[in-house]
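Notes for the structure review
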Amino acid sequence: MRPVHTALAVLVAAVWGVNFVVIEIGLGHFPPLLLSALRFLVAALPAVFFVGRPKVAWKWILGVGAALGIAKFGLLFTGMAAGMPAGLSSLVLQVQAVFTAALAAVVLRERPGPVRAAGMAVALVGIAVAAVDGGSSGPVLGFTLVVAAAACWGVSNVLTRKAAPPDALNFMVWVCTVPVLPLFALSLLLEGAGRDLAALRALDWSGAAVIGYVAWVSTVFGFGAWGHLLRRYPASSVAPFSLLVPVFGMSSAALVLGESVSGTRWLAAVLLVGGVALTSFGRARPRVSPGSPPATAAASPAP
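Basis of the calculations
- Here the residue numbering is sequential within each chain, running from 1 through the sequence in written order.
- Two thresholds apply to this predicted model, a pLDDT of at least 70 for residue-level local features and 80 or more for giving and counting side-chain atom pairs, whereas whole-chain, interface and lining totals are computed over all residues.
- Side-chain numbers come from the whole structure's heavy atoms, not from hydrogens or water.
- Elements are defined by DSSP. Helices are runs of H or I of four residues or more, strands are runs of E of two residues or more, and each kind is numbered from the N terminus.
- Between rings of Phe, Tyr and Trp, where Trp is taken as its six-membered ring, a pair exists when centres lie within 6.5 Å; planes separated by under 30 degrees are stacked, by over 60 edge-to-face, and by other angles tilted.
- With a 1.4 Å probe rolled over the protein chains alone, any residue whose accessible area is under 20% of its type maximum counts as buried; one over 50% counts as exposed, and the rest are partly exposed.
- We call a charge positioned above a ring when the Lys NZ or Arg CZ atom is no farther than 6 Å from the ring centre and deviates by at most 35 degrees from the ring normal.

**Remarks on unusual backbone geometry**
Each neighbour pair has its own omega, and for Leu45 with Pro46 the value is 5 degrees, a cis peptide bond. By the element assignment, Pro46 lies in the loop between α2 (32-44) and α3 (58-81). Of note, the phi angle at Ala164 is positive, near 50 degrees, even though the residue is not glycine. One can find Ala164 in the loop between α7 (140-163) and α8 (168-177).

**Comments concerning the packing of aromatic side chains**
In this structure the tally under the stated criterion is five aromatic pairs. Seen in terms of ring centroids, Trp16 and Phe223 are 5.4 Å apart; in terms of plane orientation they differ by 50 degrees. Their pairing is tilted. Of this pair, Trp16 sits in helix α1 (residues 3-26) while Phe223 sits in helix α11 (residues 205-232), and the two are 207 residues apart along the sequence. Phe223 gets classed as buried once you look at its relative accessible area, which sits at 9%. With a centroid separation of 5.6 Å and 85 degrees between ring planes, the pair formed by Trp58 and Trp174 is classed as edge-to-face. Here Trp174 lies in helix α8 and Trp58 lies in helix α3, a separation of 116 residues in the sequence. What links up through ring pairs into an aromatic cluster is the set Trp16, Phe223 and Trp226. A cation sits over an aromatic face here: Arg39 above Phe40, 5.1 Å from the ring centre.

Next up, the structure:
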């Protein structure tokens, strides 16, 4: 990769890592489901009027929008609101690679090779170590919700592979339109109209900056830049930079929020990042049925 593109890949990983700290700050302004709804509303508007018509079937946009927008981010924001630390969330969420590989084996008929299978095992050990650390530093419910968010991310990755969108930014902007109304409805139902209205009435520059960052910087810029890199270089050259996300997430959480990083958490980070690296870049052996084409895979990180 050219140095300027290497710098861009590192910048995107930093943007996505710091995003967890911004979410933590945002949860001090808004209920979690309302914050998630506002994130997708601002990301979709006005961008949806400039990216052109969808370039894949609506079933894929609706499917990814439900799995990624409603389920994954709804669970992630709720888990962090329940006390899951931002830095630990950025780390645990990377287990999505294991869920993606497992689902791909079933849905896309990608049989994991020995290296990928070993990576899945190592990453799961890392999750177990992270669970021990999380149990001592935060509520079990928050940890469980973030793991569930990672599973939903895996579902959205597999759906994205099936959709094979030719334009990552166009696809993501249209995906952002799907969760807006469902998340607002869930917020009204579960968090209450009074709480939502109080948060909106108290909106200040800090809250507006949070929404702007998670919507425009993390979503629109992040996915646009990542898609640009994937169009210029092989996925195997670009995807490794996503492993820097928990590094930036844990570091920024320690610097900005004062989160402590224990030895147990560092061990979990080494196991998880190492396992995810093996899982992501180990060779998958597609199972080919008579008369059917082999499945293909694409890198689609979506923090």
